[in-house]
Amino acid sequence: MYSSRIRPAMRTSPLLLLCALLFPAAQAKAVVVIAAEIPPYVIRSYQGAPSGMAIEVLEEAARRLKEPLTIELMPLARALSQTRHRQDVLLVPPVRSPQREPQFLWIAPLLDEAFVLVSHRHYHPAPITSKELPGLTIGVMRGSYGQSLLQPYPQVKQALVAEEIHNASKLALGRIQGWAVAWNSARYNQQQAGLPLADLVRGDTLQRASLYLAASPRFPAAEATRWRKIITAMRDDGSLARIIKQYDYQAP
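Residues numbered from 1 in each chain as written. Predicted model: local features only at pLDDT ≥ 70, side-chain atom pairs only at ≥ 80, totals over all residues. Heavy atoms only, no water.

Student: It is not clear to me how the overall build of the protein should be interpreted in this structure. Could you clarify?
Tutor: When you go through the protein residue by residue, the secondary structure sums to 8 helices and 8 strands. Within the protein, the fraction of its 252 residues that count as buried is 44%. For the protein, contacts bridging at least 24 residues in sequence account for 72% of all contacts bridging at least 6. When the accessible area of the protein is evaluated, it comes to approximately 13,600 Å², of which 54% is carbon and sulfur surface. (Helix = DSSP H or I, 4+ residues; strand = E, 2+ residues; numbered from the N terminus. Buried < 20%, exposed > 50% of the residue type's maximum accessible area, 1.4 Å probe, protein only. Contact = heavy atoms within 4.5 Å. Areas by Shrake-Rupley, 256 points an atom, 1.4 Å probe, with all protein chains shown as cover.)

Student: Got a minute to help me understand the nonpolar core in this structure?
Tutor: Here is a general trend for soluble globular proteins: nonpolar side chains tend to be buried in one another's company. Membership of the largest hydrophobic core comes to 66 residues, with the highest contact counts inside it found for Leu 90, Val 92, Leu 213, Trp 227 and Ile 231. With 8 residues, helix 2 (residues 53–65) is the largest single contributor of residues to this core. Mapped onto the domain boundaries, this core takes at least three residues apiece from domain 1 (31–112 + 210–246) and domain 2 (113–208). Membership of the second largest hydrophobic core comes to 12 residues, among which are Ala 168, Leu 171, Trp 179 and Ala 186. (Core = buried A, V, L, I, M, F, W, Y, C linked by side-chain atoms within 4.5 Å. Domains from an automatic or database assignment.)

Student: Sorry if this is basic, but what is going on with the pattern of salt bridges here?
Tutor: Where charged atoms from two side chains of opposite charge come close, those side chains can pair. The tally for this structure, following the rule as stated, stands at 10 salt bridges. The salt bridge partner of Glu 60 is Arg 64, with a shortest N-O separation of 2.8 Å. Here Glu 60 and its partner Arg 64 are both found in helix 2, 4 residues apart, which amounts to about one turn of the helix. On the accessibility criterion, Arg 64 (28% relative accessible area) is partly exposed. One salt bridge in this structure joins Arg 226 and Glu 67, with 2.6 Å as the shortest N-O distance. Of this pair, Arg 226 sits in helix 7 (residues 221–236) while Glu 67 sits in the loop between helix 2 and strand 2 (69–74), and the two are 159 residues apart along the sequence. Connected through salt bridges with shared partners, the residues Glu 60, Arg 63, Arg 64 and Asp 237 form a single ionic network. (Salt bridge = Lys/Arg side-chain N within 4 Å of Asp/Glu carboxyl O.)

Student: For this particular structure, what's the right way to read the environment of Leu 90?
Tutor: Assignment of secondary structure puts Leu 90 in strand 3 (residues 89–92). Expressed as a C-alpha distance, the spacing of Leu 90 and Phe 219, which sit 129 residues apart in the sequence, is 7.8 Å.

Student: Whenever I open this one, the side chain of His 124 confuses me. Can you help?
Tutor: Take His 124: it is sitting in the loop between strand 4 (105–120) and strand 5 (137–141). Of the polar contacts made by the side chain of His 124, one reaches the side chain of Glu 132; its length is 3.3 Å. When near neighbours in sequence (up to four residues on either side) are disregarded, His 124 contacts Ser 119, Glu 132, Gln 177 and Val 201. (Polar contact = N/O pair within 3.5 Å; in protein donor to acceptor, adjacent residues only side chain to side chain.)

Student: I would appreciate a short explanation of helix 2 in the present structure.
Tutor: Think of an α-helix as turning once every 3.6 residues; residues three or four places apart then point the same way. Taking 1.5 Å per residue as the helical rise, helix 2 with its 13 residues ought to reach 18 Å, and the 19 Å between its terminal C-alpha atoms agrees with that figure. When helix 2 is considered as a whole, its buried residues turn out to be Met 53, Ala 54, Ile 55, Val 57, Leu 58, Glu 60, Ala 61, Ala 62 and Leu 65. Directly beyond the C-terminal end of helix 2, a positive phi value near 60° is found at Lys 66. (Expected span 1.5 Å × (residues − 1).)

Student: Help me out: how do you make sense of helix 6 (residues 183–192) in this one?
Tutor: Extensive coverage of helix 6 is indicated by the burial of 8 of its 10 residues. What helix 6 keeps buried is the set Trp 183, Asn 184, Ser 185, Ala 186, Arg 187, Tyr 188, Asn 189 and Gln 190. The inward-facing, buried residues of helix 6 contact strand 4, helix 5 (164–172), strand 7 (178–182) and strand 8 (200–215). One or two steps after helix 6, the chain reaches Gly 194, where phi turns positive at roughly 75°.

Student: Can you help me understand the pairing of strand 2 in this one?
Tutor: Both faces of the sheet carry side chains from a regular strand, because those side chains alternate between them. Where strand 1 (residues 31–36) meets strand 2, 6 bridges bridge the pair, whose relative direction is parallel. Following the sheet pairing, Val 33 is matched in strand 2 by Ile 71. In this view, the connection linking strand 1 to its parallel neighbour strand 2 by way of helix 2 has right-handed handedness. (Pairing = 2+ DSSP bridges. Right-handed = clockwise from strand over helix to strand, strands pointing away.)

Student: Teacher, can you tell me more about the sheet that holds strand 6 (residues 157–161) here?
Tutor: Sheet strands pair by backbone hydrogen bonding; their relative direction is either parallel or antiparallel. Here we have 8 strands laid out as an open sheet, ordered 2-1-3-8-4-7-5-6, and mixed in their pairing. Of all the strands in the sheet, just strand 2 and strand 6 have a single pairing partner and so form its edges. Averaged over neighbouring strand pairs, the angle between their axes works out to 25° when direction is ignored. Packing against the sheet, helix 6 makes contact with strand 4, strand 7 and strand 8, and its axis sits at approximately 115° to strand 7. In this fold helix 7 packs onto strand 1, strand 2, strand 3, strand 4 and strand 8, with an angle of close to 55° to the strand it touches most, strand 4. (Axes fitted to C-alpha atoms, helices over the stretch in contact; angles between N-to-C directions.)

Structure below.
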């Protein structure tokens, strides 16, 4: 790599000058972010770059750190597996839980969520309580934290889907009696399915939890500290809250 400073006594050959123009100084290696497709935190766009609460927070953090990003979108289960087995990758937006604690490096919380039971006002107008769960058919996304919260209820019939938007449609058709999901995810997917928000009935809260910026266990500790500090600074200056507010976020 050639220095951008040229000593007065040195002459730059035309060949070296051409190389400098065609091959500028090497850029910093992009940080790879594995993003689980869970709207509205991570939203796939078929006409451009991905968006969503977590993506926009990371992009702003990367801008402040002057770090280029490479975002790899994939389903949640695959995202969790890939992050455990790859080096030097970030992950958004997993829930931090006792089961996952040793599997990842937990860098910083991004936002808080309430994982709730949701019903449809036409089929189950009264809020669902956890005591009612045995015997009900509950829609959950495969591999989601909502699914793990149903483990203490073995009598529940789980209707598994690959994307939460399918649960919104199934709830509207009466094919499931309830939906175990993060509240903001339920609201977003209900609207994406073209269905009224007023049809959703919020029931018992199964658990409140934080969605995180996490990383591979082998992610460099010094780099993790840099990301943690910048996310903390964004929380302190209000920019993190401003970003997620754009998505009609409702705090638990």
